[in-house]
Number of protein chains: 2
Amino acid sequence: MTTNNVEKPYVLGMDIGGTNTVFGVVDSRGNVLASDSVKTQQYEQIDEYVEAICKKLVPMIAQFGGADKIKGMGVGAPNGNYYNGTIEFAPNLPWKGVIPLASIFEERLGIPTALTNDANAAAIGEMTYGAARGMKDFIMITLGTGVGSGIVINGQLVYGHDGFAGELGHVIVDRTGRPCGCGRKGCLETYCSATGVARTAREFLVQRTDPSLLRNIPAEEIQSKDVYDAAVKGDKLALDIFEFTGRILGEACVNFIAFSSPEAIIFFGGLAKSGDYLMKPIQKAIDENILKIYAGKTKLLLSQLKDADAAVLGASALGWEVKPEQ
Amino acid sequence: MTTNNVEKPYVLGMDIGGTNTVFGVVDSRGNVLASDSVKTQQYEQIDEYVEAICKKLVPMIAQFGGADKIKGMGVGAPNGNYYNGTIEFAPNLPWKGVIPLASIFEERLGIPTALTNDANAAAIGEMTYGAARGMKDFIMITLGTGVGSGIVINGQLVYGHDGFAGELGHVIVDRTGRPCGCGRKGCLETYCSATGVARTAREFLVQRTDPSLLRNIPAEEIQSKDVYDAAVKGDKLALDIFEFTGRILGEACVNFIAFSSPEAIIFFGGLAKSGDYLMKPIQKAIDENILKIYAGKTKLLLSQLKDADAAVLGASALGWEVKPEQ
């Protein structure tokens, strides 16, 4: 996958987020050689959006020798369906229904294109360039606004029979728990996303009376970063929020391990930058709850993808795998 | 896998249970041509056990043209490790520690042998001869004394990095729930195994005061079959036990679906014979709790392996895949 492609030495990566769409040219060693972006929400029509991207992307491709030098393009997008190359009913994107984005780009650029959801793209990126190099069985968990996941088993991304496998953010951890955006209750992401951490902060501030640096911030403005900053200063309430979050995430990981017995679980995304404040409680909860045969076997790791490049890199890794016939 | 092997038209299957060890010769169409058994607990030494099996198995092999006609042997065993061909610390078998059973049989019989846990063997059997023919993504759940599972993704059994993946009976469904044999609390199998159903019956009989046919049986003697028999006669308490069991199993399945988005979940084993009494509550709980993108997609099926042959058939299917070098 990372062997040198003399004829076609580059791939394109594109990460479609609710706010920004970032894209770039990547070589086989994982160097992002050029990148640019557009504002996703600015384009109500998919055609305008594609046009705006191509206006920047086509000259970028030309700079590297044209489409003939590009092995493929990988796109990471919310609700991306790998099998169909479509984005399907993505709640935080402007275009409704089913968008056949892979084939739109293929036609427009003449470059074979594969598309998957953003967490799967991150997992492929990690396997190609990051902490999961050489691993055949691991789980990538992205801790951002929501909680996403990309699962690799026997060296292959798990897409499931319909292309939508790996929604570990929507595993139910407490059936009577917090309402989730998906319409159900107690999903993992209501506790363990950046938003979930802020929600926990607001709950703790009401339930408890002890002093905390977080009391200096208007409750509705608290973000997970504020909790981190307070924890760094030794704030007890903030530290307890990480304990609470890590315990729930660790208990969930115990069940994930019983499913696929991965070599590692790798955390990625804004909240993962909390480092040991989050990782130690996760490890503790795993150690206390793991089934004996799995004890001490699964490593907990942080993503090794360079922050600024991670989104493009992750998606681009899919570009090495895409088949021209697709 | 099921193509005709002119040179080596047969495989051997062996199912090692806590009570019986059943073995037999199987052809490529899934016909069990001969079978026999020994009592597992009768042999404290592994050598005696292997000798007792070979005394019956060697003449059986000779009857079909000798080891040259046998493509391979598949063994299903509790705590079977596929990668090493070993049985490791099986609590309900007489031999302690790590038993390299695959290589013992390979040497003794001159037939390439693969070994996996019994639920994985059932999954391979179902894929080769049963309800999962043609499926690339499904989960097999065995409902017996315990709850086991075999997970197939991209057409391959999921073994995990250590060979022990797929312990869905030990997914924790209620952290403050029933004590489990594994030392933890609230594992799925404490509710949804045959033993779990009997446990629920005893709980319900104490908690409730309404009449029930089950009150005619001494509480400690109640088995899941008694609950089934009472349900067939319309006994309300027995029906409620199935509702309770099916709901917990269905809620667990919702999380399994979020992991691998399987085409089907297939139930196998004694308790699965309860049919609609159990399947309807499972389906209801799934419909009520499923994440929207998965709604209505995953089929619930019962195993199609013939009962008497299922154990041998399941294990034998592994015999087609085994590599001579192993």
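Let me sum up the structure you'll find in this document. (Residues numbered from 1 in each chain as written. Chains lettered and ligands numbered in written order. Predicted model: local features only at pLDDT ≥ 70, side-chain atom pairs only at ≥ 80, totals over all residues. Heavy atoms only, no water.)

Moving on, we get to the overall build of chain A. Of the regular secondary structure elements, chain A holds nine helices and 13 strands. For 326 residues, the compact-globule estimate of 2.2 N^0.38 gives 20 Å, and the C-alpha radius of gyration of chain A, at 20 Å, lies within 12% of that figure. In terms of overall dimensions, chain A has C-alpha extents of about 65 × 45 × 35 Å along its principal axes. Residues classed as buried in chain A amount to 60% of the 326 residues present. Counting contacts in chain A only where the partners sit at least 6 residues apart, residues at least 24 apart contribute 64% of the total. Accessible surface computed for chain A: about 13300 Å², of which carbon and sulfur atoms make up 50%. Measuring between centres, the 31 positive side-chain charges of chain A sit 4 Å from its 37 negative side-chain charges. (Helix = DSSP H or I, 4+ residues; strand = E, 2+ residues; numbered from the N terminus. Rg over C-alpha atoms; globule rule 2.2 N^0.38 Å. Buried < 20%, exposed > 50% of the residue type's maximum accessible area, 1.4 Å probe, protein only. Contact = heavy atoms within 4.5 Å. Areas by Shrake-Rupley, 256 points an atom, 1.4 Å probe, with all protein chains shown as cover. Lys, Arg positive; Asp, Glu negative; His and termini not counted. Charge placed at Lys NZ, Arg CZ, Asp CG, Glu CD.)

Residues and elements named next belong to chain A. In terms of burial, strand β9 (residues 138–143) is a largely internal element, six of the six residues being buried. Residues Phe 138, Met 140 and Thr 142 of β9 are buried on one face, and the alternating residues Ile 139, Ile 141 and Leu 143, pointing to the opposite face, are buried as well. For β9 and strand β10 (residues 147–153), the ladder comprises six bridges, and the chain directions are antiparallel. Note on β10: the bridge partner recorded for Leu 143 is Val 147. Counting the residues that bridge the hairpin from β9 to β10 gives three residues. (Pairing = 2+ DSSP bridges.)

On to the sheet that holds strand β2 (residues 20–27) of chain B, then. Residue and element names in this part refer to chain B. Spatial strand order, β3-β2-β1-β4-β8: five strands in an open sheet with mixed pairing. In this open sheet, the two strands that pair with only one neighbour each are β3 (32–39) and β8 (113–116). When strand polarity is set aside, the average angle formed by the axes of neighbouring strands in this sheet is 15 degrees. Sitting on the sheet, helix α2 (residues 101–109) touches β1 (10–16), β4 (70–76) and β8, and the angle it makes with β8 is about 155 degrees. Packing against the sheet, helix α3 (residues 118–129) makes contact with β1, β2, β4 and β8, and its axis sits at approximately 115 degrees to β8. (Axes fitted to C-alpha atoms, helices over the stretch in contact; angles between N-to-C directions.)

Okay, the pattern of salt bridges next. For the coordinates displayed, the defined rule picks out 24 salt bridges over all chains. For Glu 288 of chain B, the salt bridge identified is with Lys 284 of chain B, shortest N-O distance 3.6 Å. With a gap of four residues between them, Glu 288 of chain B and Lys 284 of chain B both fall in helix α8 (residues 276–289), about one helical turn apart. Of the residues examined, Glu 288 of chain B reaches a relative accessible area of 54% and is grouped as exposed. Lys 284 of chain B gets classed as partly exposed once you look at its relative accessible area, which sits at 48%. Shared partners join several salt bridges into a network, and the residues in it are Arg 208, Asp 210, Lys 236 and Asp 240 of chain A. (Salt bridge = Lys/Arg side-chain N within 4 Å of Asp/Glu carboxyl O.)

Position of Ser 274 of chain A relative to the elements: it lies in the loop between β12 (264–268) and α8 (276–289). Apart from residues lying up to four places away in sequence, Ser 274 of chain A is in contact with Tyr 228 and Phe 242 of chain A.

Right, let's get into the relation of the copies chain B and chain A. Structural alignment of chain B on chain A gives an RMSD of 0.0 Å, achieved by rotating through 180 degrees and translating 0.0 Å along the axis. As the rotation angle and translation indicate, the two copies are arranged about a two-fold axis. The fraction of interface residues of chain B whose copies in chain A are also interface residues reaches 100%, indicating that both copies meet through the same surface. (Least-squares fit on C-alpha atoms with pLDDT ≥ 70 in both.)

Residues and elements named next belong to chain B. Spatially, three strands are ordered β5-β6-β7 in an open sheet, and the strand pairing comes out antiparallel. Each edge of the open sheet is held by one strand with a lone partner, namely β5 (80–81) and β7 (98–99). Strand direction decides the pairing type here: strand β6 (residues 86–88) and β7, joined by two bridges, are antiparallel. Looking at the pairing, Glu 88 lines up with Val 98 of β7.

This paragraph deals with the interface of chain B and chain A. Chain B puts 39 residues into the contact, and the matching count from chain A is 39 residues. Where chain B abuts chain A, roughly 3500 Å² becomes buried across the two surfaces, and 56% of that area is made up of carbon and sulfur atoms. Here chain B and chain A share four salt bridges between them. Here chain B is connected to chain A by 26 residue pairs in polar contact (both at pLDDT 80 or more). Elements supplying a minimum of two residues to the side of chain B that touches chain A: β10 (147–153), β11 (156–157) and α7 (236–260) of chain B. Of all the elements, α7 of chain B adds the most residues to the side of chain B that touches chain A, at seven residues. Tallied by class, the residues present in the side of chain B that touches chain A amount to 20 nonpolar, eleven polar and eight charged. (Buried area = accessible area lost by both parts, 1.4 Å probe. Polar contact = N/O pair within 3.5 Å; in protein donor to acceptor, adjacent residues only side chain to side chain. Nonpolar A, V, L, I, M, F, W, Y, C, P; charged D, E, K, R; others polar.)

Further remarks concern the packing of aromatic side chains. Overall, the coordinates contain 23 aromatic pairs over all chains when judged by the stated rule. One aromatic cluster is present, built from ring pairs that chain together Phe 256 and Phe 259 of chain A together with Phe 256 and Phe 259 of chain B. (Phe/Tyr/Trp six-rings, centres within 6.5 Å; stacked < 30°, edge-to-face > 60°.)

Right, let's get into the pairing of strand β3 (residues 32–39) of chain A. All names here are of chain A. With seven bridges joining them, strand β2 (residues 20–27) and β3 adopt antiparallel strand pairing. Bridged to Asn 20 within β3 is Lys 39. In sequence, β2 turns back onto β3 through a hairpin of four residues, with Gly 30 there showing a positive phi of about 85 degrees.

Residues and elements named next belong to chain B. In the contact formed by α7 and α8, the axes pass within 7 Å of each other and the chain directions differ by 45 degrees. For the element pair α7 / α8, the angle class is oblique. Judged by the sense of rotation from one axis to the other, the crossing of α7 with α8 is right-handed. Across the interface between the two elements, Leu 239, Phe 242, Glu 243, Thr 245, Gly 246, Arg 247, Leu 249, Gly 250, Glu 251, Cys 253, Val 254 and Ile 257 of α7 pack against Tyr 277, Leu 278, Pro 281, Ile 282, Ala 285, Ile 286 and Asn 289 of α8. (Parallel < 35°, antiparallel > 145°, perpendicular 65-115°, else oblique. Left-handed = near helix turned anticlockwise from the far one by under 90°.)

Let's shift gears to helix α1 (residues 46–63) of chain A. Residue and element names in this part refer to chain A. For α1, built from 18 residues, the straight-helix expectation of 26 Å at 1.5 Å per residue is met to within 8% by its first-to-last C-alpha distance of 26 Å. The sharpest bend along α1 measures roughly 35 degrees and falls at Cys 54. Among the residues of α1, Ile 46, Tyr 49, Val 50, Ala 52, Ile 53, Cys 54, Leu 57, Met 60 and Ile 61 are the ones counted as buried. Residues of α1 that are buried make contact with β1 (10–16), β2, β3, β4 (70–76), β7 (98–99) and α2 (101–109). Downstream of α1 by a residue or two, Gly 65 has a phi angle that is positive, lying close to 105 degrees. (Expected span 1.5 Å × (residues − 1). Bend = angle between axes of the 7 residues up to and from the residue.)

Residue and element names in this part refer to chain B. With respect to the element layout, Glu 189 can be found in helix α4 (residues 189–192). Buried charge without a salt bridge: Glu 189, with Arg 199 as the nearest opposite-charge side chain at an N-O distance of 7.7 Å. When sequence neighbours within four positions are dropped, the list of residues in contact with Glu 189 reads Gly 146, Val 147, Gly 169, His 170, Cys 180 and Gly 196.

In this section: unusual backbone geometry. Residues and elements named next belong to chain A. At Asn 79, a residue that is not glycine, the phi angle is positive and equals roughly 55 degrees. Mapped onto the elements, Asn 79 comes out in the loop between β4 and β5 (80–81). The exposure class of Asn 79 is partly exposed, given its relative accessible area of 24%.

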